[in-house]
Amino acid sequence: MSKDVPHIAVIGAGVTGVTTAYALAERGYAVTVFDRNRYAGMETSFANGGQLSASNAEVWNSVGTVLKGLKWMMRRDAPLLVNPAPSWHKYSWMAEFVANIGKYREKTVETVRLALASREHMVRMAEVEGIDFDLERRGILHFYRDKASFDQATKVNALYKEGGLERETLTPEDIRRIEPTLKGDYYGGFFTASDSTGDIHKFTRGLAEACARRGVRFRYDSSIEAIEPGRTGGYEIRWLPVGHDDGEADLHHWEPVHVDGVVVCAGGESRRIAASLGDRVNIYPVKGYSITVQLYSDRSQEAAPYVSILDDATKIVSSRLGRDRFRVAGTAEFNGYNRDIRHDRIEPLIRWTREQFPEIQTDRVIAWSGLRPMMPDMLPRVGPGKRPGIFYNTGHGHLGWTLCAATAEMAAASVQAAMPVGQSAARRAA
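Residues numbered from 1 in each chain as written. Predicted model: local features only at pLDDT ≥ 70, side-chain atom pairs only at ≥ 80, totals over all residues. Heavy atoms only, no water.

> Teacher, can you tell me more about helix H10 (residues 343–356) here?
Every α-helical turn comprises 3.6 residues, leaving residues that sit three or four positions apart pointing alike. Here H10 contains 14 residues, and its C-alpha end-to-end distance of 20 Å stays within 8% of the 20 Å for a straight helix at 1.5 Å per residue. By the burial criterion, the buried members of H10 are Asp 344, Arg 345, Ile 346, Pro 348, Leu 349, Trp 352, Thr 353 and Gln 356. (Helix = DSSP H or I, 4+ residues; strand = E, 2+ residues; numbered from the N terminus. Expected span 1.5 Å × (residues − 1). Buried < 20%, exposed > 50% of the residue type's maximum accessible area, 1.4 Å probe, protein only.)

What follows is the structure in structure tokens.
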């Protein structure tokens with residue numbers, strides 16, 4: 001490896017880590033990606049709601065969200081559920097979340113702009129690399145059941161417009177025209193024709209393969225033990241193989257990997273890794289659930305929508321994934337690093353599917369849960385850390401896929417500013 005080409009480690013092979021690796025490889029860096037799973041995109045990037053949604057960019061930091069959370073605390077099937085068990089991390093995170101309520105407007109507008117920039121990079125990557133991920137460019141439809149909810153959404157829409165997002169205001173008749181399979185009574189809605197949907201897992205795996213073709217190395221089944229300063233500069237990545245059965249071998253003698261810089265894209269684990277590097281990245285893992293309905297019959301395929309839906313009242317989203325899959329996702333659960341799939345959290349997703357699309361057969365459903373890495377101000381942490389050569393691109397919350405292509409470019413630009421390709425290690429250290 002040329003000493004004038006910096007070697008960068010990316011920690012995490014979810015959609016954020018893989019897009020970061022791609023952006024670095026495009027700039028000429030040598031890149032090694034570490035992930036504790038056997039393949040790319042096996043955690044939060046496995047089965048999310050499927051939306052690439054600038055139209056869902058409103059941050060959660062509002063008095064309304066807090067009041068709803070308090071009202072829902074006793075409901076096990078509530079869209080937002082908080083485990084009341086004492087936890088310093090959880091309650092300190094919530095205090096910081098509340099402290100950011102005053103920044104609701106500016107953070108929402110900033111998120112919209114970031115989502116629009118990300119959309120351009122995402123489309124370019126997919127087209128250049130020929131990635132098939134069940135992309136549907138049919139827009140996203142938000143519907144509201146009453147005037148109060150619609151009026152509040154109209155206020156939010158003004159912020160979206162300020163951020164540069166164009167949307168169409170809908171009557172109940174418009175909703176039926178845009179997606180005739182929907183059943184139910186609605187007051188009104190908004191339609192974002194420029195938004196799209198797809199399979200995040202297929203995209204992540206496809207982009208990882210494209211990265212490998214560009215020379216990016218992947219170390220799967222690799223749990224990061226420590227990131228330590230190297231004896232000759234840079235950092236040593238000390239790792240342990242996951243699930244490795246080596247008889248009497250001492251697993252602590254695996255050879256560390258020397259790199260010039262590190263980009264942390266480790267989702268919920270980013271907080272722990274950042275703390276070991278002297279940085280505070282206050283991520284909380286907010287659990288979400290999804291179901292993938294298998295559309296195995298002609299009847300179900302005809303009854304399922306192709307236009308993506310967002311139901312504001314229930315905080316449920318849906319996406320069509322090809323001809324024979326229908327993804328329904330939602331809920332937010334503050335319950336630590338718990339990944340258990342609870343029936344009382346899955347049942348509302350099935351019930352919603354039956355209510356809105358009664359002709360869909362729901363006897364073949366795959367349930368999933370994932371931990372969204374969420375910052376208290378709802379914006380990802382992107383850029384350098386305190387130590388030279390340490391960078392972050394993490395904490396995207398419920399908008400990881402929507403924002404990651406833009407933040408990957410931002411993270412790669414930070415690396416480029418600190419350690420340009422073509423500049424020797426000695427000159428960088430001087």
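Still more to cover.
> Help me understand the nonpolar core in this model?
Nonpolar side chains tend to gather and get buried jointly when the protein is soluble and globular. Leu 24, Phe 203 and Trp 401 are the most contacted members of the largest nonpolar core, which has 38 residues in total. With 7 residues, helix H1 (residues 15–26) is the largest single contributor of residues to this core. Apart from the residues within four sequence positions on either side, Trp 401 is in contact with Val 15, Asn 48, Gly 50, Gln 51, Leu 52, Ser 118, Met 122, Phe 133, Gly 198, Asp 199, Ile 200 and Phe 203. Core analysis: the second largest hydrophobic core is formed by 29 residues, Leu 114, Ala 332, Leu 403 and Ala 406 among them. (Core = buried A, V, L, I, M, F, W, Y, C linked by side-chain atoms within 4.5 Å. Contact = heavy atoms within 4.5 Å.)

> Where do I start with the sheet that holds strand E9 (residues 217–219) in this structure?
Strand pairing in a sheet relies on backbone hydrogen bonds. The paired strands run either parallel or antiparallel. Strand order across the open sheet formed by 6 strands is E9-E2-E1-E13-E20-E19, with mixed pairing between neighbours. What marks the edges here is a single partner per strand, and that holds for E9 and strand E19 (381–384). Ignoring which end each strand starts from, the neighbouring axes of this sheet average 20° apart. Alignment of strand E13 (residues 261–264) against strand E20 (residues 390–394), held across 3 bridges, turns out to be parallel. Note on E20: the bridge partner recorded for Val 263 is Phe 391. (Pairing = 2+ DSSP bridges. Axes fitted to C-alpha atoms, helices over the stretch in contact; angles between N-to-C directions.)

> Sorry if this is basic, but what is going on with the packing of H1 against helix H11 (residues 400–418) here?
What describes two packed helices is the angle between their axes and the distance between those same axes. Where H1 contacts H11, the two axes come as close as 8 Å, and the packing angle between them is 40°. By the angle between their directions, the pair H1 and H11 is classed as oblique. Between H1 and H11 lies a crossing of right-handed hand. Taking contact as the criterion, the partners of Val 15, Thr 16, Thr 19, Thr 20, Ala 23, Leu 24 and Glu 26 in H1 are, on H11, Gly 400, Trp 401, Cys 404, Ala 408, Glu 409, Ala 412 and Val 415. (Parallel < 35°, antiparallel > 145°, perpendicular 65-115°, else oblique. Left-handed = near helix turned anticlockwise from the far one by under 90°.)

> I would appreciate a short explanation of the sheet that holds strand E11 (residues 235–241) in the present structure.
Taken in spatial order, the 3 strands of this open sheet run E10-E11-E12, and their pairing is antiparallel. Because the sheet does not close on itself, it has two edges, and the strands there are strand E10 (222–229) and strand E12 (257–259). Averaged over neighbouring strand pairs, the angle between their axes works out to 25° when direction is ignored. Examined bridge by bridge, E10 and E11 share 7 bridges and lie antiparallel to one another. From the neighbouring strand, Glu 228 faces E11, where its bridge partner is Glu 236.

> Explain the environment of Leu 135 to me, please; I cannot follow it from the model alone.
Of note, Leu 135 is situated in the loop between helix H4 (104–129) and strand E5 (140–144). Since its relative accessible area comes to 35%, Leu 135 is described here as partly exposed. Expressed as a C-alpha distance, the spacing of Leu 135 and Glu 179, which sit 44 residues apart in the sequence, is 18 Å. Those residues in contact with Leu 135 that sit more than four places away from it in its chain are Ser 196, Thr 197 and Gly 198.

> In this structure, what is going on with the packing of aromatic side chains? I would like to understand it.
For any pair of aromatic rings, the description consists of the separation of the ring centres together with the inter-plane angle of the planes. This model, assessed by the stated rule, comprises 15 aromatic pairs. A ring pair is formed by Tyr 144 and Phe 150, whose centres lie 6.3 Å apart and whose planes are at 70°; its orientation type is edge-to-face. Neither residue differs from the other here; Tyr 144 and Phe 150 are each classed as buried. Where Phe 150 meets Phe 190, the ring centres are 5.4 Å apart and the plane angle is 15°; that geometry is what we call stacked. With Phe 150 in helix H5 (residues 147–162) and Phe 190 in strand E7 (residues 188–192), this pair connects stretches of sequence that are 40 residues apart. The ring of Tyr 306 has Arg 138 lying over it, and the distance from NZ or CZ to the ring centre is 4.3 Å. (Phe/Tyr/Trp six-rings, centres within 6.5 Å; stacked < 30°, edge-to-face > 60°. Lys NZ or Arg CZ within 6 Å of the ring centre and 35° of its normal.)

> For this particular structure, what's the right way to read the side chain of Ser 270?
Along the chain, Ser 270 falls in helix H8 (residues 270–276). At 2.8 Å, the side chain of Ser 270 and the side chain of Thr 394 are in polar contact. With near-sequence residues (within four places) excluded, Ser 270 lies in contact with Val 264, Cys 265, Ile 283 and Thr 394. (Polar contact = N/O pair within 3.5 Å; in protein donor to acceptor, adjacent residues only side chain to side chain.)

> Got a minute to help me understand the pattern of salt bridges in this structure?
Between side chains of opposite charge, a pair can form as their charged atoms come close. For the coordinates displayed, the defined rule picks out 33 salt bridges. Between Arg 280 and Glu 96 there is a salt bridge whose closest N-O contact spans 3.0 Å. Of this pair, Arg 280 sits in the loop between H8 and strand E14 (284–294) while Glu 96 sits in helix H3 (residues 88–99), and the two are 184 residues apart along the sequence. Accessibility expressed as a relative area gives 58% for Arg 280, which makes it exposed. Overlapping salt bridges bring together Arg 36, Glu 43, Glu 269, Arg 272 and Arg 339 as one network. (Salt bridge = Lys/Arg side-chain N within 4 Å of Asp/Glu carboxyl O.)

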